[in-house]
Amino acid sequence: DAGVIQSPRHEVTEMGQEVTLRCKPISGHNSLFWYRQTMMRGLELLIYFNNNVPIDDSGMPEDRFSAKMPNASFSTLKIQPSEPRDSAVYFCASSLPGITNYGYTFGSGTRLTVV
Amino acid sequence: DQQVKQNSPSLSVQEGRISILNCDYTNSMFDYFLWYKKYPAEGPTFLISISSIKDKNEDGRFTVFLNKSAKHLSLHIVPSQPGDSAVYFCAASASTDKLIFGTGTRLQVFP
């Protein structure tokens, strides 16, 4: 299996532009998570889905952030409009239901820079 | 409100010595704990876990200790190797699908 695949790896955009991050989870994994890594807050959970349904979006910082999972093999995280403080590394992770002995499998992340 | 805290942002240890990384949590409902390791430009990878019914779990050079009364866990790496240099994240779950992570500790192992 190719693991969790995220695209793009790097994104540089101007303030006010729309940004879309993409994630393909591991086939057969029912749960998908979006995290953001910053120095101050570490790995911060933004939203997660079970069987394509959003379960908890309490970590989404503002209405500017939205996430979708139209099918079991694809999810997007959108920021509109983007702001410089959104600059961070965004990770997608997937897992089987529940917290297994091995936790989640993470993608390599998307480094977002908003100038 | 940080439910999982790693108060040491960095740690430097000589090769061959023991590395001890610490993690504190505030939510008494947490019942499963994990450590992840992260290299630059890569996603975090699972390292070791422990259930709240245990106080120790060992896997090769890595041992995790859990002290529920103090709401504290630690990761011991013995002996430390240069390849262990990475950022280590502590994570916890309260019988849900959701993992809460700490801020990470950067470990540097020097020769």
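Scoring rules and cut-offs
- Residues numbered from 1 in each chain as written.
- Chains lettered and ligands numbered in written order.
- Predicted model: local features only at pLDDT ≥ 70, side-chain atom pairs only at ≥ 80, totals over all residues.
- Heavy atoms only, no water.
- Helix = DSSP H or I, 4+ residues; strand = E, 2+ residues; numbered from the N terminus.
- Buried < 20%, exposed > 50% of the residue type's maximum accessible area, 1.4 Å probe, protein only.
- Lys, Arg positive; Asp, Glu negative; His and termini not counted.
- Salt bridge = Lys/Arg side-chain N within 4 Å of Asp/Glu carboxyl O.
- Polar contact = N/O pair within 3.5 Å; in protein donor to acceptor, adjacent residues only side chain to side chain.
- Contact = heavy atoms within 4.5 Å.
- Buried area = accessible area lost by both parts, 1.4 Å probe.
- Core = buried A, V, L, I, M, F, W, Y, C linked by side-chain atoms within 4.5 Å.
- Pairing = 2+ DSSP bridges.
- Axes fitted to C-alpha atoms, helices over the stretch in contact; angles between N-to-C directions.
- Disulfide = S-S within 2.5 Å.

With that settled, consider the side chain of K38(B). Among the structural elements, K38(B) can be located in strand β4 (residues 32–38). No salt bridge forms around the buried K38(B); measuring N to O, its nearest opposite-charge neighbour E42(B) is 7.8 Å away. Here E42(B) takes part through its backbone oxygen, which lies 3.1 Å from a polar atom of the side chain of K38(B). In this view, K38(B) contacts Q37(A), F91(A), G43(B), P44(B), A86(B), V87(B) and F89(B); residues no more than four positions away in its chain are not counted.

All right, on to the interface of chain B and chain A then. How large an interface is tends to be reported as the accessible area lost when its parts come together. Across the boundary between the two partners, chain B contributes 20 residues, which contact 25 residues of chain A. Both faces combined, the contact of chain B with chain A buries some 1,800 Å², and carbon together with sulfur accounts for 55% of it. Linking chain B with chain A are 1 salt bridge. For K98(B), the salt bridge is made with D56(A), and the minimal N-O distance between the two is 2.7 Å. At the junction of chain B and chain A, the tally comes to 5 residue pairs in polar contact (both at pLDDT 80 or more). Where the side of chain B that touches chain A is concerned, the elements lending two or more residues are β4, β5 (45–51) and β9 (86–93) of chain B.

Turning to the nonpolar core, a few remarks are in order. Judged by nonpolar contacts, the single largest core of 24 residues is most densely connected at F33(B), W35(B), L73(B), L75(B) and Y88(B). Within the residue set of this core, elements represented by two or more residues are β3 (19–25), β4, β5, β7 (62–67), β8 (72–77), β9 and β11 (105–110) of chain B. Counting residues in hydrophobic clusters, the runner-up holds 21 residues, among them V19(A), L21(A), I47(A) and V114(A).

In this section: the sheet that holds strand β1 (residues 5–7) of chain A. Residues and elements named next belong to chain A. What the 4 strands build is an open sheet, ordered β1-β3-β8-β7; its pairing is antiparallel. One side of each edge strand has no neighbouring strand; the edge strands of this open sheet are β1 and β7 (65–71). Sheet twist, expressed as the average angle between the axes of neighbouring strands with direction ignored, equals 15 degrees. Pairing of strand β3 (residues 19–24) with strand β8 (residues 74–79), which is carried by 5 bridges, proceeds in the antiparallel orientation. Directly across from R22, in β8, lies its bridge partner T76.

With that out of the way, let us pick up the state of the cysteines. Taken as a whole and judged by the stated rule, the model has 2 disulfides over all chains. Bridging C23(A) to C92(A), the disulfide has an S-S length of 1.9 Å. Judged by the torsion about the S-S bond (-65 degrees), the C23(A)/C92(A) disulfide is left-handed. Within this pair, whereas C23(A) is found in strand β3, its partner C92(A) is found in strand β9 (residues 88–95), the two being separated by 69 residues in sequence. An identical accessibility class is assigned to C23(A) and C92(A); each is buried. A disulfide bridge connects C23(B) with C90(B), and the sulfur atoms are separated by 2.0 Å. What sets the handedness of the C23(B) and C90(B) disulfide is the S-S torsion sign, and at about -70 degrees it is left-handed. Within this pair, whereas C23(B) is found in strand β3, its partner C90(B) is found in strand β9, the two being separated by 67 residues in sequence. In this pair, the class of C23(B) matches that of C90(B), namely buried.

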